[in-house]
Amino acid sequence: MTKHRHTEQTKQPNQEGLDTLYGQSLAAKRNGSLFGAFPYPTKISPEAIALYIAAHTMPGDTVLDVFAGSGTTGLAALLCEEPTEELKGEAARLGLDVVWGARNAVLYEIGALGSYVGRTLTAPPAPEEFSKAAINLLEVTESELAWIYEGTDPDGNVGTVRHAIWSDILSCPCCKAEVSLWDSCVSLRPASISSEFVCRECGHKDKLDAAERLIETTEDPLLQETISRRKRKIARVYGVTGKSTWSREPLESDLDLLERVASTPLPAGIPKVEIPWGDLHRSGYHQGISHLHHFYTRRNLIVFGNLWARSAEYSDELRDALRFWLLSYNASHATIMTRVVAKSGQNDLVVTSSQPGVLYVSGLPVEKNLFAGLRRKLSTIKKAFSITHEKTGNITVVNQSSCSLNLADASIDYAFTDPPFGGNIPYAEVNFINEAWLQTLTDREEEAIVSRSQGKAIEDYQELLSRVLGEVHRVLKPSAKATLVFHSATASVWNALQSAYSDAGFFVERASVLDKKQGSFKQVTTKGAVKGDPVLLLGRESTQKDDTEFDAWIVAKQLFETSLTLGIDEQTPQRLYSRLVNYYLGRNLEVPIDADELYRWHGNQMKRMVDDHVGS
């Protein structure tokens, strides 16, 4: 473990600045090259974290993150060395007493992928050397496999396939004919994906769920055994010839090409790894997906496997950076989890990435051109590396559980962390696809999570959090603070968190909201999802002595009425729940209700206001 400079005292931010920092919703943008360099669930923008670090520390101080994820706290510490004008302007707007300069950070992350990403992104090779190596890797591989994405345009000219949409094959409930999901449910001009099945053979109409998804048996070349999997066929091809883009139905030439792909040997070194399925497994769309390679079309498995194997030919530093780049595109875009959506007003379906935080495979998976996608991603990675390359701050990434920190007592100046949100996202399972290529899987024994498959109830989750936060309490200097960002729609999870930091010896000094301008997939779609993550400033002494048990609905009404005097963002039911959580935790009280209970109440309040307005 790296030795860190110890100061006698930690910085004490001016109270006026803290009132501003924790007194309003701080915007956390989800853009920029550092944020976009690698897709990782529930990330916070490093620029937002940098404001907290700068406000609570001085140059040379050491920041700790015990749930480091993909290393964003380390990136934030590096940003403090040479802050952008926008970052300096935001600090000035908030009235923060900031001394900019290099900070150090110690990042503990149990996840194999997260620690790999954090280590690479905080200490990258020279951007130009990386870019040169990446282009060389693409050119060499593409020179051998350029044929694999060839496609003929509607005029008969040879072009390049940009992506292809595949389709599940269904059995008509009426005539038993084999019909593709594409033919029976998809329309273009305008684009739509219907939940109603229409058989192209007999005209029978029914709910999509009434049509059976067909299964086929095939020989698995890696397992060398016969497997069963969902039956699919290529349904639509999109390409480019010169500067002209095109799309069409599949031709015989496409099927011939796929036959050639099927007879092309797989590259050596593709991991033959069985998936340790857990909470994310679904017996339906995961049917036949038992090993890593089942998440790929054969074409993309050949391309990615060749790129991965050739990356080993470079120096260790460049190899890690190249593999960082490959993995940044891999699970999100190279697998059959990539999908299409129908957007209002669009003539064609829109191709997007996989859904973050899950391992969902749609009935219309997309096969992307990996050479084209990686070439586009290259500029983002290069820009991110240029920001962090050769910064003087010392960032130490430790790939292990935070239940026992290899740090001296009272050695850390400030902690910023973003713990796992109960059972919201099983990170080890989500990250398996990329970790399998790294040949290093996360040790799930001390993963802080509520998980049926791991046999971890909320009591186990609370116990793990207590152990970790107890370590944070031990290593922080006596006057140092910890900022904790959290998200849950369930009172029991919030109360587990409260018990954990209370058992560790912490009290909430201040509470605020971090306003992620674009929520994660689960924050957007989950029932009772909370918009904006509550932010808690933890200290060793309780500043709130009020232990009165307030009625939840009285508190909710007070907060609701206050929200009506604020901006529109503060008037949503999601934001109201965040404020309710802050109200109770800030008084060291248990959170009394779940988010969906408050949302129903909020809906009734809004309806009553509308009725009163109409009646007047």
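Above this text sits the structure in question.
Before going further, it helps to spend a moment on the overall build of the chain. Regarding its fold elements, the chain presents 20 helices and 23 strands. In terms of overall size, the chain behaves like a compact globule, its C-alpha atoms giving a radius of gyration of 26 Å where 616 residues would be expected to give roughly 25 Å. For the chain, the C-alpha atoms occupy an extent of roughly 75 × 70 × 45 Å along the three principal directions. Here the chain holds 616 residues, and the buried ones make up 56% of them. Accessible surface, the chain: about 26100 Å² in total, of which carbon and sulfur atoms supply 47%. Across the chain, 65 positive and 78 negative side-chain charges occur, with their mean positions spaced 4 Å apart.

To continue, consider unusual backbone geometry. Residues apart from glycine generally show negative phi values, whereas peptide bonds are mostly found in trans. Following Arg-189, the chain continues into Pro-190 via a peptide bond in cis, with omega recorded as 0°. With respect to the helices and strands, the residue Pro-190 is situated in the loop between strand E7 (186-187) and strand E8 (192-193). Of note, the phi angle at Glu-390 is positive, near 60°, even though the residue is not glycine. On the secondary structure map, Glu-390 appears in the loop between helix H12 (370-388) and strand E19 (395-398).

Of the pairings in the sheet, the one linking strand E12 (residues 215-220) to strand E13 (residues 225-230) comprises six bridges and is antiparallel in character. Directly across from Glu-216, in E13, lies its bridge partner Arg-229. In sequence, E12 turns back onto E13 through a hairpin of four residues, with Gln-224 there showing a positive phi of about 55°.

Note that Thr-245 resides in strand E15 (residues 244-248). You can call Thr-245 exposed: its relative accessible area is 55%. For Thr-245 and Pro-127, which are 118 residues apart along the polypeptide, the C-alpha to C-alpha distance reads 32 Å. When neighbours within four sequence positions are excluded, Thr-245 is seen to be in contact with Arg-162, Gly-239 and Val-240.

On to the nonpolar core, then. Within the largest apolar cluster, 100 residues are counted, with the highest numbers of intra-cluster contacts made by Phe-130 and Trp-325. Per-element accounting of this core gives the leading share, ten residues, to helix H11 (residues 316-334). Within the second largest apolar cluster, 56 residues are counted, among which are Leu-465, Leu-484, Ala-491 and Ala-496.

With that settled, consider the side chain of Asp-168. Turning to its location among the elements, Asp-168 is positioned in strand E5 (residues 158-171). Looking at Asp-168, its side chain comes within polar contact range of the side chain of Arg-230, at 3.0 Å. Beyond its immediate sequence surroundings of up to four residues, Asp-168 is in contact with Val-179, Ser-180, Leu-181, Arg-213, Arg-230, Lys-231, Arg-232, Ser-362 and Gly-363.

What follows deals with helix H10 (residues 298-311). The first and last C-alpha atoms of H10 sit 20 Å apart over 14 residues, in line with the 20 Å expected at 1.5 Å per residue. With twelve of its 14 residues buried, H10 lies for the most part within the structure.

A cluster of nonpolar side chains, namely Leu-564, Met-606 and Met-609, defines an oily patch on the protein surface of about 230 Å² accessible area. In this fold, Met-609 is placed in helix H20 (residues 595-615). Judged by its relative accessible area of 37%, Met-609 falls in the partly exposed class.

It is worth spelling out the packing of aromatic side chains at this point. The tally for this structure, following the rule as stated, stands at 20 aromatic pairs. Judged by centre distance (4.9 Å) and plane angle (70°), the ring pair of Phe-304 and Trp-437 falls under edge-to-face. Of this pair, Phe-304 sits in helix H10 while Trp-437 sits in helix H14 (residues 432-438), placing them 133 residues apart in sequence. Under the relative-accessibility criterion, Trp-437 is labelled buried at 3%.

Locating Glu-435 in the fold gives a position in helix H14. Buried and unpaired, Glu-435 has Arg-444 as its nearest opposite-charge partner, separated by 6.5 Å. Those residues in contact with Glu-435 that lie beyond four places of it in its chain are Gly-111, Ala-112, Leu-113, Ala-428, Thr-440, Leu-441 and Thr-442.

So, about the pattern of salt bridges. Inspection of the entire model under this criterion finds 24 salt bridges. Close ionic contact of Arg-93 with Glu-90 constitutes a salt bridge, the shortest N to O distance being 2.7 Å. In this pair, Arg-93 and Glu-90 both sit in helix H5 (residues 85-94), three residues apart, roughly one turn of the helix. Notably, a salt bridge pairs Glu-216 with Arg-229, separated by 2.9 Å at the nearest N-O pair. Here the residue Glu-216 occupies a position in strand E12, and Arg-229 occupies one in strand E13, the gap between them amounting to 13 residues. By relative accessible area, which is 36% here, Arg-229 ends up partly exposed. Residues joined in a network through salt bridges with shared partners are Asp-168, Arg-213, Arg-230 and Arg-232.

Calculation rules
Residues numbered from 1 in each chain as written. Predicted model: local features only at pLDDT ≥ 70, side-chain atom pairs only at ≥ 80, totals over all residues. Heavy atoms only, no water. Helix = DSSP H or I, 4+ residues; strand = E, 2+ residues; numbered from the N terminus. Rg over C-alpha atoms; globule rule 2.2 N^0.38 Å. Buried < 20%, exposed > 50% of the residue type's maximum accessible area, 1.4 Å probe, protein only. Areas by Shrake-Rupley, 256 points an atom, 1.4 Å probe, with all protein chains shown as cover. Lys, Arg positive; Asp, Glu negative; His and termini not counted. Charge placed at Lys NZ, Arg CZ, Asp CG, Glu CD. Pairing = 2+ DSSP bridges. Contact = heavy atoms within 4.5 Å. Core = buried A, V, L, I, M, F, W, Y, C linked by side-chain atoms within 4.5 Å. Polar contact = N/O pair within 3.5 Å; in protein donor to acceptor, adjacent residues only side chain to side chain. Expected span 1.5 Å × (residues − 1). Patch = residues over 30% accessible without salt bridge, like charges linked within 9 Å, V, L, I, M, F, W, Y side chains within 5 Å. Salt bridge = Lys/Arg side-chain N within 4 Å of Asp/Glu carboxyl O. Phe/Tyr/Trp six-rings, centres within 6.5 Å; stacked < 30°, edge-to-face > 60°.

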